Amino acid sequence: MNNVKRREILERLRADNPHPQTELEWSTPFELLIAVLLSAQATDVSVNKATRKLYPVANTPQGILDLGVDGLKTYIKTIGLFNTKAVNVIKTCQMLIDLHGSKIPEDQDALEDLPGVGHKTANVVLNTAFGWPTIAVDTHIYRVSNRTKLAIGKTVNDVEKKLLKVVPKEFKLDVHHWLILHGRYTCIARKPRCGSCMIEDLCEFKEKTDI
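About the thresholds
Residues numbered from 1 in each chain as written. Predicted model: local features only at pLDDT ≥ 70, side-chain atom pairs only at ≥ 80, totals over all residues. Heavy atoms only, no water. Helix = DSSP H or I, 4+ residues; strand = E, 2+ residues; numbered from the N terminus. Buried < 20%, exposed > 50% of the residue type's maximum accessible area, 1.4 Å probe, protein only. Contact = heavy atoms within 4.5 Å. Polar contact = N/O pair within 3.5 Å; in protein donor to acceptor, adjacent residues only side chain to side chain. Patch = residues over 30% accessible without salt bridge, like charges linked within 9 Å, V, L, I, M, F, W, Y side chains within 5 Å. Areas by Shrake-Rupley, 256 points an atom, 1.4 Å probe, with all protein chains shown as cover. Salt bridge = Lys/Arg side-chain N within 4 Å of Asp/Glu carboxyl O. Lys, Arg positive; Asp, Glu negative; His and termini not counted. Charge placed at Lys NZ, Arg CZ, Asp CG, Glu CD. Axes fitted to C-alpha atoms, helices over the stretch in contact; angles between N-to-C directions. Parallel < 35°, antiparallel > 145°, perpendicular 65-115°, else oblique. Left-handed = near helix turned anticlockwise from the far one by under 90°.

Asks: So what's going on with the environment of H119? Which residues, and what values?
Replies: Structurally, the position occupied by H119 is in helix α7 (residues 119-130). Residue H119 is classed as partly exposed on the basis of its relative accessible area, which comes to 31%. Ignoring any residue separated from it by four or fewer positions in sequence, one finds H119 in contact with Q108, E112, N157 and E160. Here the side chain of H119 touches E112 through a polar contact of 2.9 Å, side chain to side chain. A polar contact is formed between the side chain of H119 and the side chain of E160, at a distance of 2.9 Å.

Asks: Break down a negative patch on the surface for me, citing the residues and quoting the values.
Replies: A cluster of like negative charges, contributed by E106, D107, D109 and D113, occupies part of the molecular surface. Secondary-structure assignment places D109 in helix α6 (residues 108-112). Using a relative accessible area of 55% as the deciding quantity, one classes D109 as exposed.

Asks: Outline the pattern of salt bridges, supporting the account with residue identities and numerical values.
Replies: The final tally for this structure, using the stated rule, is nine salt bridges. Residue R12 is joined to E8 by a salt bridge in which the shortest nitrogen-to-oxygen separation is 2.9 Å. You can see R12 and its partner E8 sitting in helix α1 (residues 3-16), four residues apart, about one turn around the helix. According to the relative accessible area criterion, E8 is partly exposed, its value standing at 29%. Of the charged contacts in the structure, one is a salt bridge between R184 and D44, with a shortest N-O distance of 3.1 Å. Placement of the pair is R184 in helix α10 (residues 169-185) and D44 in helix α3 (residues 44-54), with a sequence separation of 140 residues. Among the charged side chains, a salt-bridge network with shared partners connects R7, E11, R14 and E170.

Asks: Requested: an account of the packing of helix α2 (residues 29-38) against helix α5 (residues 82-100), with residues and values cited.
Replies: Running from N to C, α2 and α5 point in directions that differ by 150°, and their axes come no closer than 10 Å. Regarding the angle of α2 to α5, the classification is roughly antiparallel. Taken as a pair, α2 and α5 cross one another with a handedness that is right-handed. In contact with F30, L33, I34, L37 and L38 of α2, α5 contributes K85, N88, V89, T92, C93 and L96.

Take a look at the structure:
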């Protein structure tokens, strides 16, 4: 795929959704961090259902720490891998209190040092909460990038590096959300909805459907 096609794809996605937002519900960087941490291998819908009950009770590092692991589990038990996530959230809250004055560090390495917070989660927080032009490649972005040929890579890290290289600066802040939403609702995994896709004529996927 050439850069002319890439720009047209991004321009169409921007025209359709000029100000894309995460579907996770949050009001502070801390709430976003916890929501993203909880969303690993879980749907945003399931995370939102849990945090709607959790955050009115505890939405600060100290507040969640006071719940303890077992107390936190009662709020997040409907989310996949909730046992491990509860332990990581409590450890993360303790580190935020001890090392960062209960604030979310605007720093890649510091974020990735938090339990349960990997490279992708750190990128999401930096992008969505702080406006960094990071691109957090999840399964949706990996699939869309490879399927369309927007950015081909064998691993999520390969795709991230390629996107950072080929996506023009003006699109970098929002491309993360555009591609996630496109993968979630149009370029879905099993049977992409090519017939209703706004970039079908630019996409280089050979096995297009007429849906």
